[in-house]
Amino acid sequence: MKVRSFPQNPGPPAWDAILPQGQTYPELRETQTVDWLVIGAGFAGLSAARRLQERAPTDRITILDAKRIAEGPSGRNTGFMIDLPHDLASEDYGGNVEKDRATIAQNRAAIDFAKQTVESFDMPPEAFRDVGKINGAASAKGMTHNSDYAKHLENLGEAHEMLDAKMMHEITGTRYYQGGLFTPGTVMLQPALYIRALAQNLLSNRLQIYENSPVQSLEHEQGLWVASTGQGRVAAPKVILATNGHIQNFGFYKRRFVHVFTYGSMTRALTPDEDKKLGGHDNWGLTPADPLGSTVRRITGRGGSRIIVRNRFTYEPSMQPSENKLAAIYQTHQRSFDARFPMLGSVSMEHQWGGHLTLSLNNVAAFGEVGEGLYSACCQNGLGTVKGTLHGICAADLATGHITPMVQSLLSEAQPAKLPPEPFATLGARAKIRWGEYRAGPEL
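Chemist: Whenever I open this one, the overall build of the protein confuses me. Can you help?
Modeler: Each helix and strand counted, the protein has eleven helices and 21 strands in total. The C-alpha atoms of the protein give 21 Å as radius of gyration, which agrees with the globular expectation for 444 residues (22 Å, within 12%). With the C-alpha coordinates of the protein rotated into their principal frame, the extents come out at 65 × 45 × 45 Å. The burial tally for the protein puts 59% of its 444 residues in the buried class. Pairs at least 24 residues apart make up 78% of the contacts formed inside the protein by residues separated by at least 6 positions. Carbon together with sulfur atoms contributes 51% to the accessible area of the protein, which is approximately 17300 Å² in total. Of the side chains in the protein, 45 bear a positive and 44 a negative charge, and the two mean positions are spaced by 4 Å.

Given below as structure tokens:
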């Protein structure tokens, strides 16, 4: 199968850009045969490789990535590793109680795996902050969303705390929010720092990483999968595809994914004076009460004290958003920032970017064996950090014959549902996004 198209993520990977220069990895320029090939070096691919090292410690593993490490979606998200239900297509993130309990168990298993990895590799504390998150409500409608979600969490037996406007101001420094819903189980990542540290610590005489090495073809020849990058080739009996929506360009799951790009902006580093004006806590993360509102984070650490705003979604079936949309989107970020932080009127956005999300209509993963010895760990439904970790672990378990309860649960799910025919799929998706963003009101 030939791979002729690749997702295009606009702007810099901001989380990576604010870090000092990291380790670089070579491009593949040779022919090799190994026991395992992992395509994709994000959360799914590196987690799969980590699990393979545990399950098959003497096997040789090669990881290929089309970009630099942490340059793709792993350096473009907002760094929330969420344990609770977080269905972006729902009104309040929640769903069926029984299914949500299974989702929570899966997400927490992935978070525990990441936590053990952080501790084993002695990663910097800011790579993985176990501090929880807030659902922020900026309107009466948002407060109702939070109240409904709190009732759902009560039915699930999950810990949560309702925050009033005063408490929100004390945490965030802004008076924009009428209230919030705090849940303790979310981990806040510096995602590029986490991915960099994970990649570096995986390296051994049995595991090699190659960056800037996009796979241009993948063929099955005499019991081996042969991946060609144009400058080199890797042959392996077993391959894990950890490429999220890009797996469609390998010929799988055609017309079963909703390709969405979401966009973020990160301020320049705040001065000590600006930090004082803002007040509040040094590190916090806030998802919007309405799923199409603004996600906001404040970070303090390497790269200084900064604020991140993420909002706006566009449907991009080609996986390549057009440049003419970006200026208007980034203006929305500035307006959202100014509305929340009027005391920081002179602060500008230093980094602005877009990142690729892959969703399925029925909110399930693209997981399992898609060819002899070829495994998919894709379609994270907008939760690339936690679901990518989960799918990578489980793909490695499945491929090594360890059919764990989590693997069984993923295999029991339906396949991603087919999209409606064109032009109805595109018209429907774009209309739903526009209507959802309009209805988000002050939450945007």
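After that view, the rundown keeps rolling.
Chemist: Looking at this structure, how should I read the packing of aromatic side chains?
Modeler: A ring pair, where both rings are aromatic, is described by two values, the distance of the centres and the angle of the planes. Counting across every chain of the model gives five aromatic pairs. Aromatic side chains Tyr 176 and Tyr 177 sit 5.4 Å apart centroid to centroid with 80 degrees between the ring planes, which places their arrangement in the edge-to-face category. A residue is classified by how much of its surface remains accessible, and Tyr 177, at 3% relative accessible area, is buried. Considering the side-chain rings of Trp 435 and Tyr 438, the 5.6 Å spacing of their centres and the 25 degrees angle between planes classify their relative orientation as stacked. Taken together, the residues Trp 435 and Tyr 438, both in helix α11 (residues 424–440) and three residues apart, mark about one turn of the helix. Take Trp 435: its relative accessible area is 53%, and that puts it in the exposed class. Classification of Tyr 438 by relative accessible area gives exposed; the value is 63%.

Chemist: Teacher, can you tell me more about the side chain of Asp 83 here?
Modeler: Examined against the element boundaries, Asp 83 turns out to sit in the loop between β4 (80–81) and α3 (97–121). Taking relative accessible area as the criterion, Asp 83 reaches 2% and is therefore assigned buried. A polar atom in the side chain of Asp 83 sits 2.9 Å from the side chain of Arg 108. If near-sequence neighbours (up to four positions away) are discounted, Asp 83 is found in contact with Thr 103, Ile 104, Asn 107, Arg 108, Ile 111, Gly 185 and Thr 186.

Chemist: What is the right way to look at the state of the cysteines in this model?
Modeler: What makes a disulfide is a covalent bond joining the sulfur atoms belonging to two cysteines. Evaluated as defined, the whole model comprises zero disulfides. Unpaired in this structure, Cys 394 has its nearest cysteine sulfur neighbour in Cys 378, at a distance of 13 Å. On the accessibility criterion, Cys 394 (0% relative accessible area) is buried.

Chemist: When you look at the packing of α3 against helix α6 (residues 191–202) in this model, what are you seeing that I'm missing?
Modeler: When two helices pack together, their arrangement is given by the angle between the helix axes and by the axis-to-axis distance. As a packed pair, α3 and α6 sit with axes 11 Å apart at the nearest point and diverge in direction by 65 degrees. Handedness of the crossing formed by α3 with α6: left-handed. Between α3 and α6, the residues in contact are Ala 114, Thr 117, Val 118 and Phe 121 and Tyr 194, Leu 198, Asn 201 and Leu 202, respectively. Its residues placed into classes, the contact of α3 with α6 shows six nonpolar, two polar and no charged.

Chemist: I keep staring at α6 and nothing clicks. Help me out?
Modeler: One full turn of an α-helix is made of 3.6 residues, so residues set three or four places apart face in the same direction. Between its first and last C-alpha atoms α6 spans 16 Å; for twelve residues at 1.5 Å apiece the expected length is 16 Å, and the two agree. The buried count for α6 comes to ten of twelve residues, which makes it a mostly enclosed element. Buried residues along α6 sit in contact with α1 (14–17), α2 (43–55), α3, β9 (187–189) and β10 (207–210). The opening residue of α6, the one whose side-chain oxygen lies 3.0 Å from the backbone nitrogen of Ala 192, is Gln 190.

Chemist: Sorry if this is basic, but what is going on with the packing of helix α9 (residues 384–399) against helix α10 (residues 405–412) here?
Modeler: At a minimum axis separation of 9 Å, α9 and α10 run at an interaxial angle of 100 degrees. With respect to α10, the element α9 is oriented roughly perpendicular. In this structure, α9 contributes Leu 390, His 391, Cys 394, Asp 397 and Leu 398 to the contact, and α10 contributes Met 406, Val 407, Leu 410 and Leu 411. Here the contact of α9 with α10 is built from residues that sort into seven nonpolar, one polar and one charged.

Chemist: What exactly am I supposed to notice about the nonpolar core here?
Modeler: Here is a general trend for soluble globular proteins: nonpolar side chains tend to be buried in one another's company. Ile 63, Tyr 194 and Ile 240 are the most contacted members of the largest nonpolar core, which has 62 residues in total. Here the element with the most residues in this core is α6; it accounts for eight residues. Judged by nonpolar contacts, the second largest core, of 24 residues, contains Val 3, Val 215, Ala 236 and Leu 374.

The rules behind these values
Residues numbered from 1 in each chain as written. Predicted model: local features only at pLDDT ≥ 70, side-chain atom pairs only at ≥ 80, totals over all residues. Heavy atoms only, no water. Helix = DSSP H or I, 4+ residues; strand = E, 2+ residues; numbered from the N terminus. Rg over C-alpha atoms; globule rule 2.2 N^0.38 Å. Buried < 20%, exposed > 50% of the residue type's maximum accessible area, 1.4 Å probe, protein only. Contact = heavy atoms within 4.5 Å. Areas by Shrake-Rupley, 256 points an atom, 1.4 Å probe, with all protein chains shown as cover. Lys, Arg positive; Asp, Glu negative; His and termini not counted. Charge placed at Lys NZ, Arg CZ, Asp CG, Glu CD. Phe/Tyr/Trp six-rings, centres within 6.5 Å; stacked < 30°, edge-to-face > 60°. Polar contact = N/O pair within 3.5 Å; in protein donor to acceptor, adjacent residues only side chain to side chain. Disulfide = S-S within 2.5 Å. Axes fitted to C-alpha atoms, helices over the stretch in contact; angles between N-to-C directions. Left-handed = near helix turned anticlockwise from the far one by under 90°. Nonpolar A, V, L, I, M, F, W, Y, C, P; charged D, E, K, R; others polar. Expected span 1.5 Å × (residues − 1). Parallel < 35°, antiparallel > 145°, perpendicular 65-115°, else oblique. Core = buried A, V, L, I, M, F, W, Y, C linked by side-chain atoms within 4.5 Å.

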